[in-house]
Amino acid sequence: MGHAHVYAHEIMHRGRVPMEPVDFVPDWADRPRKAKFHPDAETFPLPPSPAGPPHMPPRRPEPGFTLPLLSGMLRDSYGLTGRRLAVQANTDLAALPHYRHANWSRGTASGGGLYPVAVHWAAGPGGPLTPGLYHYAPHQHGLRRLLTGDVTGDVREALGPGAGDAGRATQYLVLSVKYWQNAFKYNSFSFHAVSMDVGALVQTWRLWAAQYGLRIEPLLWFDEERLARLLGVAAEEEGVFAVVPLTWQGARTPAQGGATGATARHRDVERSRRVIEFEALRAIHRATAGRAADRPAPGALDAAAAHPPRGADPLPLPLPAPPAPPAGTTRALRERRSSFGRFDASRPVTAGELAAALADCAATRYGTEAERPAGPSLTSLYAFVNHVGGIAPGAYAYDPAAHTLRLVRPGPPGAFLQRNYFLSNYNLEQAGAVLVPTVRTTAVLDRVGDRGYRLVGGAVGAVAQTFYTTAAAFGLGAGVALGFDNIAYTEELGLTGTDEAPLLIMLLGRERPRPADFRHEIA
């Protein structure tokens with residue numbers, strides 16, 4: 001049993017046995033930047049997306065990415081799309097009117113709104129830019145050139161000989177996480193959170209690219225230390241979590257070899273005067289460090305797939321067919337936000353809206369090389385129903401094949417939900433429903449090793465991003481939270497003695513009408 005099993009156990013029990021350091025208090029005055037800063041690097045502004053305004057659907061499938069398409073995907077995932085200043089119940093509300101603490105909306109969800117994932121583009125020949133290594137600067141919506149010269153051979157060599165079609169790409173997105181950007185607030189828990197952040201970002205790309213008939217297929221197994229050298233980062237301080245090959249319009253087959261051993265010329269400059277190391281974070285990083293030779297065979301995770309739906313109800317409740325969403329993906333990403341205490345139980349969610357959220361979340365896959373394209377899902381879905389038209393309050397298991405709900409525990413769940421939530425920014429009883437994805441974490445680790453912990457977090461993060469996007473498309477309020485008693489949920493859903501782990505909760509409901517908000521688009 002590897003160290004990831006130990007970390008997973010600590011995460012599941014942290015509501016009852018706090019993780020070290022238990023007395024940690026964030027130093028907000030010395031917090032890091034929300035994005036990397038390369039002061040001497042040249043920045044190239046990205047062009048506008050060709051899709052037009054958010055309500056306009058794309059006209060036809062594209063044969064591959066172009067610079068405008070990549071620009072649109074980056075803008076609608078990690079770019080700043082507006083300022084949030086609504087009256088709400090989150091604890092940071094008092095700071096938001098001050099511009100230096102402004103909360104900028106983004107299409108992708110992030111634990112704590114910290115956005116620690118760094119996006120790098122290894123641009124090869126045949127693309128629109130001089131070949132080199134670039135960093136996406138979300139606040140400028142531009143590309144900072146860190147190194148000139150084709151380094152895609154280095155990426156291909158890090159991927160190893162078993163990367164399949166990914167080893168023949170000429171353009172790669174490389175996703176890394178600078179741990180301090182999240183650990184300054186969440187300390188030892190941060191690795192769990194950032195794994196989900198990476199999955200949420202990749203899922204945003206999958207949803208966005210699907211509009212154009214393009215595919216996003218991340219790789220998680222590669223020589224991580226080699227890619228860290230390429231990015232010019234300390235391997236102990238920044239993890240390389242995923243490599244995403246891009247199909248590029250007009251690209252030609254790359255030459256064999258071509259590795260340079262180069263490293264980024266421009267380095268990130270840290271804002272914090274004091275950077276704290278957390279041994280639990282270091283240990284799980286080391287345990288999950290990737291090697292291309294450890295890449296699992298496709299289908300390795302079949303034995304860790306979700307169990308059949310639970311529930312003893314002999315007559316499962318059929319759900320209506322999911323209605324078509326009123327808004328498309330791009331508009332939904334632009335309008336996505338967390339509700340933070342704005343739920344209004346007096347206006348129930350419809351059964352069709354709940355059915356759409358459940359169906360979309362159940363169909364979500366992280367899409368890594370360890371998962372077969374048509375293979376079984378790693379996640380199961382449960383729903384605590386508070387206020388949904390035509391559905392009695394209770395806890396249910398969702399059966400995606402039959403599109404039904406199986407009753408697990410009858411009765412209003414509001415008291416249980418609120419009693420086992422640790423924060424003050426939501427009243428869970430006011431939500432129409434609370435969805436709970438579970439993963440057989442230990443089974444995944446047993447099948448693919450400690451690196452699989454990053455896959456577990458990414459798979460759940462992808463589901464959370466789908467949930468947010470679907471809710472926004474239907475004009476519903478939404479929120480995702482990690483501050484709950486995981487063991488209490490395990491007991492309430494009858495999962496004790498199984499390997500299913502509830503890792504986050506997703507709140508769906510209608511918001512109070514006429515909220516006070518800041519109209520950034522006319523300011």
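Up top is the structure these notes are about.
Before going into details, it helps to say that this report is about the structure given with it. (Residues numbered from 1 in each chain as written. Predicted model: local features only at pLDDT ≥ 70, side-chain atom pairs only at ≥ 80, totals over all residues. Heavy atoms only, no water.)

Brief notes about the packing of aromatic side chains
Scanning the model with the defined rule gives 23 aromatic pairs in all. Judged by centre distance (5.1 Å) and plane angle (80 degrees), the rings of tyrosine 78 and tyrosine 115 are edge-to-face. Taken together, the residues tyrosine 78 in the loop between helix H2 (67-77) and strand S2 (82-84) and tyrosine 115 in the loop between strand S3 (103-105) and strand S4 (117-123) connect sequence positions 37 residues apart. The class of tyrosine 78 is buried, set by a relative accessible area of 3%. Ring centres 5.7 Å apart and planes at 40 degrees place the aromatic pair phenylalanine 191 and phenylalanine 241 in the tilted group. With phenylalanine 191 in helix H5 (residues 190-210) and phenylalanine 241 in strand S8 (residues 238-245), this pair connects stretches of sequence that are 50 residues apart. Given a relative accessible area of 0%, phenylalanine 191 falls into the buried group. Assessed through its relative accessible area of 2%, phenylalanine 241 is described here as buried. Through pairs of rings, three or more aromatic residues link up here, namely Tyr7, Tyr179, Phe191, Phe241 and Tyr453. (Phe/Tyr/Trp six-rings, centres within 6.5 Å; stacked < 30°, edge-to-face > 60°. Helix = DSSP H or I, 4+ residues; strand = E, 2+ residues; numbered from the N terminus. Buried < 20%, exposed > 50% of the residue type's maximum accessible area, 1.4 Å probe, protein only.)

Examining the environment of phenylalanine 340
Considering the arrangement of structural elements, one finds phenylalanine 340 in the loop between helix H8 (329-335) and helix H9 (351-362). Accessibility expressed as a relative area gives 18% for phenylalanine 340, which makes it buried. In this structure the C-alpha to C-alpha distance between phenylalanine 340 and glycine 479, which are 139 residues apart in sequence, comes to 6.9 Å.

Concerning H5
Every α-helical turn comprises 3.6 residues, leaving residues that sit three or four positions apart pointing alike. With 21 residues, H5 should reach 30 Å at 1.5 Å per residue; the first-to-last C-alpha distance of 30 Å fits that figure. Taking burial as the measure, the 21 residues of H5 include 18 buried ones, the bulk of the element. (Expected span 1.5 Å × (residues − 1).)

A word on the environment of tryptophan 28
When you line up the elements, tryptophan 28 lands in the loop between helix H1 (3-13) and strand S1 (43-45). Looking at tryptophan 28, the relative accessible area reads 43%, which means it is partly exposed. Not counting residues within four places of it along the chain, the set of residues in contact with tryptophan 28 comprises Phe184 and Lys185. (Contact = heavy atoms within 4.5 Å.)

So, the sheet that holds S1
Across the sheet, 6 strands lie side by side as S1-S6-S5-S4-S7-S8; this open sheet has antiparallel pairing. Every other strand in the sheet has two partners, leaving S1 and S8 as the edge strands with one partner each. When the angles between neighbouring strand axes are averaged without regard to direction, this sheet yields 30 degrees. The sheet contacts of H2 involve S4, strand S5 (132-137) and strand S7 (171-178), and relative to S4 the element is tilted by about 170 degrees. (Pairing = 2+ DSSP bridges. Axes fitted to C-alpha atoms, helices over the stretch in contact; angles between N-to-C directions.)

A short note on H2
By the criterion of burial, H2 is predominantly enclosed, with 9 of the 11 residues buried. All of the buried residues in H2 are Leu67, Leu69, Leu70, Ser71, Gly72, Met73, Leu74, Asp76 and Ser77.

Observations concerning empty space enclosed by the protein
Over the atoms rolls a probe the size of a water molecule, and its path tells where empty space is left. Counted under the stated rule, the structure contains 5 cavities of 30 Å³ or more. Ala35, Tyr78, Val117, Ala118 and Pro138 are the residues nearest the centre of the largest cavity, which is lined by 14 residues in total. When residues of the lining of the largest cavity are traced back to their parent elements, those giving at least two are S4 and S5. The dominant element in the lining of the largest cavity, judged by the number of residues it contributes, is S4, at 3 residues. Split by residue class, the lining of the largest cavity holds 9 nonpolar, 2 polar and 3 charged. What the second largest cavity holds in volume is close to 60 Å³. Thr364, Arg365, Tyr366, Glu371, Ser377, Leu378, Thr379, Ala459, Ala462 and Val463 are the residues that line the second largest cavity. If one sorts the elements of the lining of the second largest cavity by residue count, helix H12 (residues 452-473) sits on top with 3 residues. Of the residues assigned to the lining of the second largest cavity, the class counts are 5 nonpolar, 3 polar and 2 charged. (1 Å grid on protein atoms, 1.4 Å probe; cavity = no way out; pocket = protein on both sides within 12 Å on 5 of 7 lines; lining within 4 Å. Points joined across faces, edges and corners; volume = space filled by probe spheres on them. Nonpolar A, V, L, I, M, F, W, Y, C, P; charged D, E, K, R; others polar.)

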